[in-house]
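Next come the chains, spelled out residue by residue.
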Amino acid sequence: MSEPLLQLTYISDVAPGLGSEQIATIHQQAERNNQRLGITGVLLVTSRHFLQLLEGPAELVKTRFKLIAADPRHQSVRLVSERLVQQRQFPHWQMGLKRLLDQDEHADLQAVIHLYGQQQQFSEQHADAIALLLKSL
């Protein structure tokens, strides 16, 4: 049996003035670095928040999260959950990016992310709800 993987989810506030080009740069850097490190996951972006799930070897995921938390493009980084899993939820995504700009098409998803974006702490129920949201992608 293989070693369990760490699946870490966080939410952060988008730094003021961060535009589409900078978000594209974040995505490109994440894809390149994560492929090299064996980390997969998904990044959801709204006009106000980042919601990201990272999965891979525990120490590598924790190190990546510390770098993200120190990145000035992410403000008020809040850990939603850390879970050990046997298999990846996003095995083929070094960093899938879902940019949520279309208000009509993604209004419900944006509303949920903005709601959780206002939270400072997360219960197990919050973490389960966010995990379910991410499974729907």
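Only a predicted model underlies this, so the values are computations on that prediction, with no experimental measurement involved.

1. Here we look at helix 1 (residues 20-37)
Here helix 1 spans 25 Å end to end across 18 residues, near enough to the 26 Å set by a 1.5 Å rise per residue. Every buried residue of helix 1 is accounted for by Ile23, Ile26, His27, Ala30 and Asn34. Looking straight down helix 1, one finds its buried side chains confined to an arc of 95°; they lie on one side. With respect to the buried face of helix 1, the exposed residues turned more than 90 degrees away are Glu21, Arg32, Gln35 and Arg36. After helix 1 finishes, the residue glycine 38 shows a positive phi value of roughly 80°.

2. Thoughts on the side chain of arginine 64
Along the chain, arginine 64 turns up in helix 2 (residues 58-70). Although arginine 64 is buried, it makes no salt bridge; aspartate 71 carries the closest opposite charge, 8.1 Å away. Apart from the residues lying within four places of it in its own chain, the contact partners of arginine 64 are Asn33, Asn34, Leu37, Ile39 and Leu54.

3. Topic: the confidence of the model for the protein
Should pLDDT be low for a region, the predicted coordinates there are not to be read in detail. For the protein, the average pLDDT comes to 85, and 89% of its residues sit at 70 or higher. Within the protein, strand 5 (residues 96-99) has the poorest average pLDDT of any element, 52, and helix 2 the best, 96.

4. Quick word on the pattern of salt bridges
Enumeration according to the criterion identifies 4 salt bridges in this entry. Note that aspartate 13 and arginine 78 form a salt bridge whose closest N and O atoms lie 3.2 Å from each other. You can see aspartate 13 sitting in strand 1 (residues 5-14) and its partner arginine 78 sitting in strand 4 (residues 74-85), a full 65 residues away along the chain. Residue classification places aspartate 13 among the partly exposed residues on the basis of a relative accessible area of 22%. Residue glutamate 124 pairs with arginine 83 through a salt bridge whose shortest N-O separation is 3.4 Å. Here glutamate 124 is found in helix 4 (residues 124-135), whereas its partner arginine 83 is found in strand 4, with 41 residues between them in sequence. For glutamate 124, a relative accessible area of 51% gives the class exposed.

5. Things to note about the packing of aromatic side chains
Using the criterion set out here, one finds 1 aromatic pair in the structure. Ring centres of tyrosine 10 and phenylalanine 65 lie 5.6 Å apart, and the angle between their planes is 50°; on these two criteria the pair is classed as tilted. In this pair, tyrosine 10 sits in strand 1 while phenylalanine 65 sits in helix 2, placing the two residues 55 residues apart along the sequence. Considered together, tyrosine 10 and phenylalanine 65 belong to a single accessibility category, that of buried residues.

What counts, and at which threshold
- Residues numbered from 1 in each chain as written.
- Predicted model: local features only at pLDDT ≥ 70, side-chain atom pairs only at ≥ 80, totals over all residues.
- Heavy atoms only, no water.
- Helix = DSSP H or I, 4+ residues; strand = E, 2+ residues; numbered from the N terminus.
- Expected span 1.5 Å × (residues − 1).
- Buried < 20%, exposed > 50% of the residue type's maximum accessible area, 1.4 Å probe, protein only.
- Arc of directions from axis to C-beta.
- Lys, Arg positive; Asp, Glu negative; His and termini not counted.
- Salt bridge = Lys/Arg side-chain N within 4 Å of Asp/Glu carboxyl O.
- Contact = heavy atoms within 4.5 Å.
- pLDDT = per-residue confidence, 0-100.
- Phe/Tyr/Trp six-rings, centres within 6.5 Å; stacked < 30°, edge-to-face > 60°.

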